[in-house]
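The residues making up each chain are set out below.
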Amino acid sequence: MAEDWQAGGFGLYVHWPFCLSKCPYCDFNSHVAATIDQAAWGRAYLAEIDRVGALTKGRLLQSIFFGGGTPSLMDAELVAAIIDRARRWWPTVNDVEITLEANPTSVEAGRFRGYRDGGVTRVSMGIQALNDADLRALGRLHSADEAMRAFDVARGVFDRVSFDLIYARQNQTLEAWRAELKQALGLAIDHLSLYQLTIEEGTAFGDRYNAGKLRGLPDQDLAADMYEATQDICEAAGMPAYEVSNHARLGAESRHNQIYWRYGDYVGIGPGAHGRLTLGGTRHATEAERSPARWMQLVDQRGHGDIVYEPLTDTDALTEFLLMGLRLREGVDLGRLDALGGGVFDNNINGLIDIEMLERADGRLRLTPAGRPVLNAVLRGVLGG
Amino acid sequence: MTDLSHIRNFSIVAHIDHGKSTLADRLIQSTGTVQDRDMKAQLLDSMDIERERGITIKANTVRIDYVADNGEKYVLNLIDTPGHVDFGYEVSRSMRAVEGSLLVVDSTQGVEAQTLANVYQAIDADHEIVPVLNKIDLPASDVDRVKEQIEDVIGIDASQSMLVSAKTGIGIHETLEAIVHRLPAPKGDRNAPLKAMLVDSWYDSYLGVVVMIRVMDGMIRRGERIKMMQTGAVYGIDKLSVLKPQMVDIAELGPGEIGVFTASIKQVRDTRVGDTITHEKKGCETPLPGFKPAQPVVFCGLFPVDANDFEPLRDAIEKLALNDASFSFEMETSAALGFGFRCGFLGLLHLEVIRDRLEREYDLDLITTAPSVVYQLYMKDGEKRELHNPADMPDLTYVDHIEEPRIKATILVPDDYLGDVLKLCQDRRGVQLDLTYAGSRALVVYDLPLNEVVFDFYDRLKSVTKGYASFDYQLTGYQEDSLVKMSILVNDEPVDALSMMVHRDRAEMRGRAMVEKLKDLIPRHMFKIPIQAAIGGKVIARETLSALRKDVTAKCYGGDATRKRKLLDKQKAGKKKMRQFGKVEIPQEAFISALKMDD
Ligand SMILES: Nc1nc2c(ncn2[C@@H]2O[C@H](COP(=O)(O)OP(=O)(O)OP(=O)(O)O)[C@@H](O)[C@H]2O)c(=O)[nH]1
Ligand SMILES: C[S@@+](CC[C@H](N)C(=O)[O-])C[C@H]1O[C@@H](n2cnc3c(N)ncnc32)[C@H](O)[C@@H]1O
Ligand code: SF4
Ligand SMILES: [Mg+2]
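Values in this document were obtained by computation on a predicted structure and should not be read as measured data.

Participant: Teacher, can you tell me more about the overall build of chain A here?
Facilitator: Assigned secondary structure in chain A consists of 15 helices and 17 strands. For a compact globule of 385 residues, the expected C-alpha radius of gyration is about 21 Å, and chain A comes in at 21 Å, within 12% of that figure. Seen through its C-alpha atoms, chain A measures out along the principal axes to roughly 55 × 55 × 45 Å. Looking at chain A as a whole, 47% of its 385 residues are labelled buried. Within chain A, contacts between residues separated by at least 24 positions form 71% of all contacts whose residues are at least 6 apart in sequence.

Participant: Please clarify how the overall build of chain B should be interpreted in this entry.
Facilitator: Looking only at helices and strands, chain B features 13 helices and 33 strands. Since a compact globule built from 599 residues should have a radius of gyration of about 25 Å, the 26 Å found for chain B is in line with a globular shape. For chain B, the share of sequence-separated contacts (at least 6 apart) that also reach a separation of at least 24 residues comes to 70%.

Participant: Whenever I open this one, the site of ligand 2 confuses me. Can you help?
Facilitator: In the vicinity of ligand 2 lie 18 residues, with Tyr25, Gly126, Asp164, Tyr195 and Thr198 of chain A positioned nearest. Chains contributing residues near ligand 2 are chains A and B. Counting only elements with at least two residues in the shell around ligand 2, the list comes to β4 (61-68), β6 (122-128) and β7 (160-167) of chain A. Residues that form the shell around ligand 2 fall into these classes: 7 nonpolar, 7 polar and 4 charged.

Participant: Would you mind showing me how to read the sheet that holds strand β17 (residues 298-304) of chain B here?
Facilitator: Across a sheet, strands are paired by hydrogen bonds formed along the backbone, either parallel or antiparallel in direction. Residue and element names in this part refer to chain B. Pairing within the open sheet is antiparallel, and its 4 strands lie in the order β18-β19-β17-β20. Lying at the two open borders of the sheet, with one neighbouring strand each, are β18 (328-334) and β20 (366-368). Recorded for the sheet is a direction-independent mean angle of 30° between the axes of neighbouring strands. Bridge count for β17 against β20 is 3 bridges, and the pairing is antiparallel. Note that in β20 the partner of Pro304 across the bridge is Leu366.

Participant: Looking at this structure, how should I read the site of ligand 3?
Facilitator: Close contacts around ligand 3 come from Cys19, Lys22, Cys23, Cys26, Phe28, Ser30, Gly68, Gly69, Thr70, Asn103 and Gly126 of chain A, and that covers them all. Its residues assigned to classes, the shell around ligand 3 comprises 4 nonpolar, 6 polar and 1 charged.

Participant: What's the story with the nonpolar core in this structure? I'm lost.
Facilitator: Side chains of nonpolar character tend, in soluble globular proteins, to be buried together. Judged by nonpolar contacts, the single largest core of 161 residues is most densely connected at Leu78, Leu103, Val132, Ile213, Val298, Ile411 and Phe471 of chain B. Counting residues per element, this core draws most heavily on strand β8 (residues 208-217) of chain B, which supplies 7 residues. If you look at the next biggest cluster of nonpolar residues, it comprises 103 residues, including Phe66, Ala129, Ile166 and Tyr167 of chain A.

Participant: Hey, could you run me through the domain arrangement of chain B in this one?
Facilitator: How big an interface is tends to be reported as the loss of accessible area on association of its parts. Residue and element names in this part refer to chain B. According to the domain assignment, chain B contains domain 1 (4-182), domain 2 (195-279), domain 3 (298-371), domain 4 (376-480) and domain 5 (484-595). Relative to domain 3, the C-alpha centre of domain 2 lies at a distance of 27 Å. At the junction of the two partners, domain 2 supplies 7 residues and domain 3 supplies 5 residues. Partitioning the side of domain 2 that touches domain 3 into residue classes produces 5 nonpolar, 2 polar and no charged.

Participant: I tried to follow the domain arrangement of chain A on my own but got confused; where do I start?
Facilitator: Residue and element names in this part refer to chain A. Under the domain assignment used here, chain A contains domain 1 (7-260) and domain 2 (332-385). Taking only C-alpha atoms, the centre of domain 1 and the centre of domain 2 are 29 Å apart. Taken together, the contacts link 4 residues of domain 1 with 4 residues of domain 2. Split into classes, the residues belonging to the side of domain 1 that touches domain 2 amount to 4 nonpolar, no polar and no charged.

Participant: Would you mind going over the pairing of strand β16 (residues 358-361) of chain A with me for this structure?
Facilitator: Consecutive side chains along a regular strand alternate between the two faces of the sheet. All names here are of chain A. Sheet topology note: the β16/strand β17 (residues 364-367) ladder contains 4 bridges and is antiparallel. Each bridged residue has a counterpart across the sheet, and for Ala361 the counterpart in β17 is Arg364. Connecting β16 to the next strand, β17, in antiparallel fashion are 2 residues, including Asp362 with a positive phi near 50°.

Participant: Looking at this model, I keep getting lost on the packing of helix α3 (residues 88-95) of chain B against helix α4 (residues 113-124) of chain B. Mind explaining?
Facilitator: How two helices pack is summed up by the angle between their axes together with the distance between the axes. Residue and element names in this part refer to chain B. α4 packs onto α3 with a crossing angle of 25° between their chain directions and a minimal axis gap of 10 Å. Between α3 and α4, the angle is such that the two are roughly parallel. The chirality of how α3 crosses α4 is right-handed. Of α4, the residues touching α3 (which contributes Gly88, Val91, Ser92 and Met95) are Ala117, Asn118, Gln121 and Ala122. Residues belonging to the contact of α3 with α4 are distributed by class as follows: 4 nonpolar, 4 polar and no charged.

Participant: Please explain the environment of Asp306 of chain B as it appears in this structure.
Facilitator: All names here are of chain B. Position of Asp306 among the secondary structure elements: in the loop between β17 and α7 (310-323). Overall, the presence of 14 C-beta atoms within 10 Å leaves Asp306 in the partly exposed class. Distance from Asp306 to Leu337, taken between C-alpha atoms, is 9.7 Å for residues 31 residues apart in sequence.

About the criteria used
- Residues numbered from 1 in each chain as written.
- Chains lettered and ligands numbered in written order.
- Predicted model: local features only at pLDDT ≥ 70, side-chain atom pairs only at ≥ 80, totals over all residues.
- Helix = DSSP H or I, 4+ residues; strand = E, 2+ residues; numbered from the N terminus.
- Rg over C-alpha atoms; globule rule 2.2 N^0.38 Å.
- Buried ≥ 20, exposed ≤ 12 C-beta atoms within 10 Å, placed from the backbone.
- Contact = placed C-beta atoms within 7 Å.
- Near = placed C-beta within 6 Å.
- Nonpolar A, V, L, I, M, F, W, Y, C, P; charged D, E, K, R; others polar.
- Pairing = 2+ DSSP bridges.
- Axes fitted to C-alpha atoms, helices over the stretch in contact; angles between N-to-C directions.
- Core = buried A, V, L, I, M, F, W, Y, C linked by C-beta atoms within 7 Å.
- Domains from an automatic or database assignment.
- Parallel < 35°, antiparallel > 145°, perpendicular 65-115°, else oblique.
- Left-handed = near helix turned anticlockwise from the far one by under 90°.

Here it is, written out as structure tokens:
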């Protein structure tokens, strides 16, 4: 019998934990380091791939994702070596997707060709905003112009280029966002990630917010209006949301991220990386040490960097399947839901169908357009208390 | 056993925050009862809630050894009492166990409402009273003015007042000497049959039930068999101790002494505060008069959030009631909330404290229904009924008339705020009984309906007078008025736990305040929710809680699955603090908060 993860696919995530500076909103595992010994990092990544490769040998790999931090600070040779090693353990699908997250500065654009030659097929660029004042407020090191030039380089080198914007920024009006979004759609090739600014605990913005000093954030109504406008404008431009914050032309969706949302298996390598691996018939959560120095040390001395490797209970797996899957416009497959024990939530789900937050159609359970902006409430309703 | 002539028993009484517990600290510390390194501020306030709120809730006893200037060794039993109105019963009960009182008055504030209330109680208990003017270290201290107030307002001699700073220790030695020389020694006959007063009791998770007694006559020793005269229960004394303030074992206690014992008491109900304890054989004939039972004035339902917690709740309530004779309870069932208890309290703070203690000390999650006072229903068929719960209000066609409890409220307020206080009392259907002046302050006496006072009157009074007014009240009786039951409908379903009795003329205003409050207290749902107040079938106020518009996490990738799952699990646990009414979840704090008005 097929294991559940196969319906979601299999991918490799590689975390690069360094940035040139720390953005005030960002709670990713990223650090600013004076010097980085790329050769040593290479050895550690390859050792980790070998370790997990031996456990999952022969699985068909659909995607590799270099995330960060700022992976566009990696040497092209390092990226190439990791891709090579992965291919040694896992056969890849024909149209394997290999994405690298890039910051849009000129220095980094200079490495794009090298990445492509090493096997990268797609870049995702953190452009964040299209005007300099807002970029400064977000603590970004690049100007809008510089980002545009980096983007131009990228589209010359890669077939697939996506970029990220953050909206619902301080003092941003609905009108300003609509205009900026239309401008972005004019630039976009076939994929866009549009994130509402989230104030995360433990970030500079988080501290300022808690101290009551982060002003001009939208209230719930304005945030909802911005979200709705985003849906409408992108839909009309042929780039509908296939996930809460991700928009693409049909067929141009990020395959890697879909592995997460379709609740497949993924190997997570590098400081703070998480993975989901079905081994011996049980899905496991893995999590690597977050501190870059300690992670290196662990890999070196103990042979692996993970600090968590634990079996998920059936309930945990069911919960994750739903909380990931309902983010997708396509929703979750009812057969899989049932097989994972989703029957226990039938009453809750039916109640939410009654109030038109969820719908069952074509053998799937998914959010209605009304349910999408309140996904968290729907999830609380499904998972119940 | 200590000779009677060398025992002094006293309570420390005062208005809230005038420094009773701090004075107790200094008396304990300066006599070496507790080592300096073990001292902390308000040492006797040992409960978490007391430390958090900075107030005393339970009276606490300490035995102090003191060698006076005359070279003689004395045993002093000190009882620190609470100052807030809601805990007045603790004070009156404590006073029965001692012969004198230190009346603490904050010399920067002067005589306040509870100062008066406590003095009257002390006089009632035939106490010798030593006035202690505290906080003389502060620049705002005005000793002469306060002495004058004590003489004018209370009518006792203040010339011999102790001048003290409980904070810095000024006047502590003099106070100890005054205790020895001005307070009377207890009386009693060590050869008479044992007669001891059960002053307090509590449940200790290691020792079981601990009973505190004041011996009046005779001797009590470890190992003896004793009888509780009222309940008839007989027990053998396992452990006999005095409180210093931790338990220190002692072989025997004689007349005038205060101590505690344990006796493997299984039935929590066997120990009634005010009962008389004597020996099983050759006991005394007549019991002590006992205490006047406390009259609960506010009632509410307490229900476990998790229906399986009913038995643990019963157990917890019984144990707490042991420690608090002013709290009453009986079983109650509700269609929406299942099995629980209808509980009576001396006021809203008392209610909050008991609920907090049940939740913390016994690890329970509780739903509290809207508090209510007790109404007298005169039915058309001549029957008379007590209404503790608005949900039980019968159809008006069967009711001839309704009476509600009234109080006599005494308020002391600086001139500047008098107008605001009068307006507040007037708005709350008050009738002025008296208005006199004591220096630059007015002493206002009002007749008020209790149901206009219990929920938030004290808070409002504090806020309109910037904390300068003080307040005390006594129940006076019942009076007929035009009262109706107001129901609250959430999403078109009546929520019994929120219904309340109101005066007809005030109904619309209260109804509007309630629905506005609830609109803030109930979180937005995925659909819009009408919230209405109604009398009979007639809606008198309405608000609509708009639907939740946006609640979605922007980013959720491979690394976020664990975090998001744990967050949802936590929210699921937090949901226990919510109660489902139809499709709507109402947070438990809504039931009390909705009643507090901001007029
Ligand atoms: N400056 C000064 N502050 C004092 C003195 N005595 C008490 N305080 C302060 O007054 C506040 C109240 O003191 P408590 O001892 O808790 O008062 P209380 O009378 O026991 O209060 P309740 O038990 O709540 O009625 C605390 O902040 C004390 O530190 C004093 O002599 N001088
Ligand atoms: C791993 S991050 C950054 C990749 C790359 N280092 C960069 O900054 O361009 C991926 C994306 O998440 C988004 N993001 C990060 N923190 C965010 C926050 N607090 N709120 C909303 N979006 C955020 C940004 O758009 C960012 O490009
Ligand atoms: S947003 Fe990107 S560049 Fe900024 S700190 Fe986070 S990972 Fe680094
Ligand atoms: Mg105190």
